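# Tertiary structure, described
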Amino acid sequence: MIPRRPMAAAIEPGADSEDAFAPDPVRGRISVHMAGACKPAIDIQMTDSDSIDHFLEIRDASKTFVTPEGELFRALENISLPVRNNEFVTLLGPSGCGKTTLLRTISGLEELDRGEIMIDGRSMIGIPPHRRPVNTVFQNYALFPHLSVGDNVGYSLDVAHVARTERDRRVGEALDLVGLAGMERRRPRQLSGGQQQRVALARAIISNPKLLLLDEPLSALDRGLRQAMQIELKNIQSELGISFVFVTHDQEEALTMSDRIVVMSGGQIEQVGTPTEVYDRPSTAFVAEFIGESNIFRGVLRTNADGESELALGDDQTVRLRADGAGENRESTLLIRPENLLVPEPGDEPDPAQYGALDVTLRQAVFLGTDFQLICTLGDGTTLKAIVRDTARQTVSSLRRGDRVRLHYWLDSPYLIPGTPAR
Amino acid sequence: MSTSKRMRSRFELALLLGPTSLFLAVFFIAPLSIMVVYSFLEAGLYGGVEWTFYHYNFGRILGWADGTHEYFNPAYLWIFWRSVRMALTTVVICLVLCYPTAFWVSRLPDRWKTFFLFLITLPFFASLIVRLFAWVLILRPSGFLNTVLEGLHLISEPIDLMYTEAAVIIGLVYILVPFMFLPIYASVEKLNMSLVDASGDLGATKFQTFRRIILPLTLPGVIGGSIIVFIPSLGNFVVPDLLGGAKVLMIGSLIEQQFLGARNWPFGAALSMMVMGTVLVFLFFYVRALSRAEALEEGAKNG
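Notes on the structure in this doc start here. Given the structure is predicted, the values throughout are model-derived calculations rather than measurements.

### With respect to the packing of helix H7 (residues 193-205) of chain A against helix H8 (residues 223-240) of chain A
Residue and element names in this part refer to chain A. For the pair H7 and H8, the least separation of the axes is 12 Å and the interaxial angle reads 15 degrees. Overall, the two elements H7 and H8 adopt an arrangement that is roughly parallel. When the axes of H7 and H8 are compared, the crossing they make is right-handed. Residues Gly194, Gln197, Arg198, Leu201 and Ile205 of H7 lie in contact with H8, whose contacting residues are Leu225, Met229, Glu232, Leu233, Ile236 and Leu240. For the contact of H7 with H8, the residue count by class is seven nonpolar, two polar and two charged.

### Quick look at the interface of chain A and chain B
Contacts between the two partners involve 24 residues from chain A and, on the opposite side, 22 residues from chain B. Across the interface of chain A and chain B, roughly 2,000 Å² is buried in total on both sides, 62% from carbon and sulfur atoms. Between chain A and chain B we count one salt bridge in total. With a shortest N-O distance of 3.2 Å, Arg104 of chain A and Asp197 of chain B are connected by a salt bridge. Between chain A and chain B we count seven residue pairs in polar contact (both at pLDDT 80 or more) in total. Secondary structure elements with two or more residues in the side of chain A that touches chain B: helix H3 (99-107), strand S6 (134-137), helix H5 (155-159) and H7 of chain A. In terms of residue count, H5 of chain A provides more of the side of chain A that touches chain B than any other element does, four residues in total. For the side of chain A that touches chain B, a count of residues per class yields eleven nonpolar, eight polar and five charged.

### Quick word on unusual backbone geometry
Phi is positive for Glu216 of chain A, which is not a glycine, with a value near 40 degrees. Classification of Glu216 of chain A by relative accessible area gives buried; the value is 7%. One non-glycine residue with positive phi stands out, namely Arg263 of chain B, at about 55 degrees. A relative accessible area of 40% places Arg263 of chain B in the partly exposed class.

Conventions and cut-offs
- Residues numbered from 1 in each chain as written.
- Chains lettered and ligands numbered in written order.
- Predicted model: local features only at pLDDT ≥ 70, side-chain atom pairs only at ≥ 80, totals over all residues.
- Heavy atoms only, no water.
- Axes fitted to C-alpha atoms, helices over the stretch in contact; angles between N-to-C directions.
- Helix = DSSP H or I, 4+ residues; strand = E, 2+ residues; numbered from the N terminus.
- Parallel < 35°, antiparallel > 145°, perpendicular 65-115°, else oblique.
- Left-handed = near helix turned anticlockwise from the far one by under 90°.
- Contact = heavy atoms within 4.5 Å.
- Nonpolar A, V, L, I, M, F, W, Y, C, P; charged D, E, K, R; others polar.
- Buried area = accessible area lost by both parts, 1.4 Å probe.
- Salt bridge = Lys/Arg side-chain N within 4 Å of Asp/Glu carboxyl O.
- Polar contact = N/O pair within 3.5 Å; in protein donor to acceptor, adjacent residues only side chain to side chain.
- Buried < 20%, exposed > 50% of the residue type's maximum accessible area, 1.4 Å probe, protein only.

Here you go:
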């Protein structure tokens, strides 16, 4: 576990000068990259009272749009979210969930109907975008086509009338940081998608914002480039020591990069947590289904003869689980991740005291490279997905469509989604 | 093989370009050449031309007339200057009307956009003369405008707008406004509004955003529209004849008089050459600005 960069680094006076993004001449870029590539494994516990650490604070934000058909669309409903200094927060959700609207209200491109946004302890009510200490990397980069790369990157300095020599130096440094040194005189159209993305990033960070907003910046890139940029963005974030609010609909991207993920749906926050929290302990069925693959069962939880909790499935089988204080006779929603289901080697039956079992019919086995995805059905036709590894190519490879298979699960792995009645 | 292929493609190109080239040669180059030649010939006594070289047609306008047969009259330069001034005023008024309107229309929902574009082209469906006579009815002392203003007690006696420069400019703006609107609208419609968002996000005030982003990106439409409005307003003679009468003589009317009334074809041709020269000067600057922009794009493609 790599310790998180101390908070003081982000708020010390030197960090907000233009030196903040100057590459470290001693360590160089490579060492910085390697240090940044390791995500903090465990997030620091938040203390809401300590608001001085919250560079950005969204309080009870609501916004309603009128659609062209004249209907009201509630884009944001009572959103409250503190973002700490030097934190990488991702707003994750399907399209239309309000994540981009929330980002635009932070940058000032949209006004809130209700609630307030505090940046650096100052309320942003009535403050226009150009006077907010935040910058945005737009979805399709929004590079100015009539300006050179250098003029694009230096735009915020030019409108602030920064002296020519200092401006040129900082443009050079910003381009250096994103790996485009010496490209000042090119035109945006002469660059590849990945390079344009870097120009947009350099343009957004050159005036040393304490908070950078990124609106699906990687969605237009192809897969390989996107993965490389994910790591690079994360590195640049820790190098600059500023907060990033990142919008995406790609759960993989969110899990890879974030310190905290804010899962949104229908204008509301479903869950806020570290990547492992939202994956392992989703607070709603929506989160469980949106992030990762999931098998979700709904039913009444009861205690069996052995004193274990169990949930009855549609075909008289039960899912056993060790959940303390799960409550009796309550409508419950249960999550089993596909990778928590196993197909044991023949003759290697797991201990029934530790493992439960489900008998299913195999419908399809898909080889994914490392693992096999098994698509199975329960007796009542419910689909069940399992991801199993079969390195020896004996157990799963020998299975045929229609075979009866016994899937096992460790009794700790079924997870009761809290407080969600069957929908 | 490749030579014959190239020959064939050349032949095809000639075949495709032929009709247009022929049309332009017969109906544009030839009449223009006649005008150029006539402008250097002596006027015939009863119309037509004498085939002797005679540069005093231009001398009469620009100041080297011989003083016996032809007299230098600064009135021609004065009329010329007034025409340029009125044409430029027309361009500026059209620009002021169209530029904000184009932004407004471009933000409307699609069906309203189509409707407004239809409205813009609607005047083309009625005859120009009919529409201009309607303006006579509006502007004359007992006309619609004065009746309304008097009815509202805004004026005590009628304003005589007829046969003034103002009336001519109103008429020119009225008939030429669509030619300004359409090119500007095309460039405004192309403008990516996220660039405006980005500019504000990067700290630019609304004015800075306009000057650094919106104006440069819509400039091709502005320049194009200005040229298309300037050329016909400079040479127009219908509007000044109907709304300006004899008081507001523009160069177009003067040319018309020389050809039809005074039957001095060479002098009319010389005046036409002056108009064309002025237009060419303006076009030169336009093409230079345009080719500069295109060279930029070309560089972008090759890079």
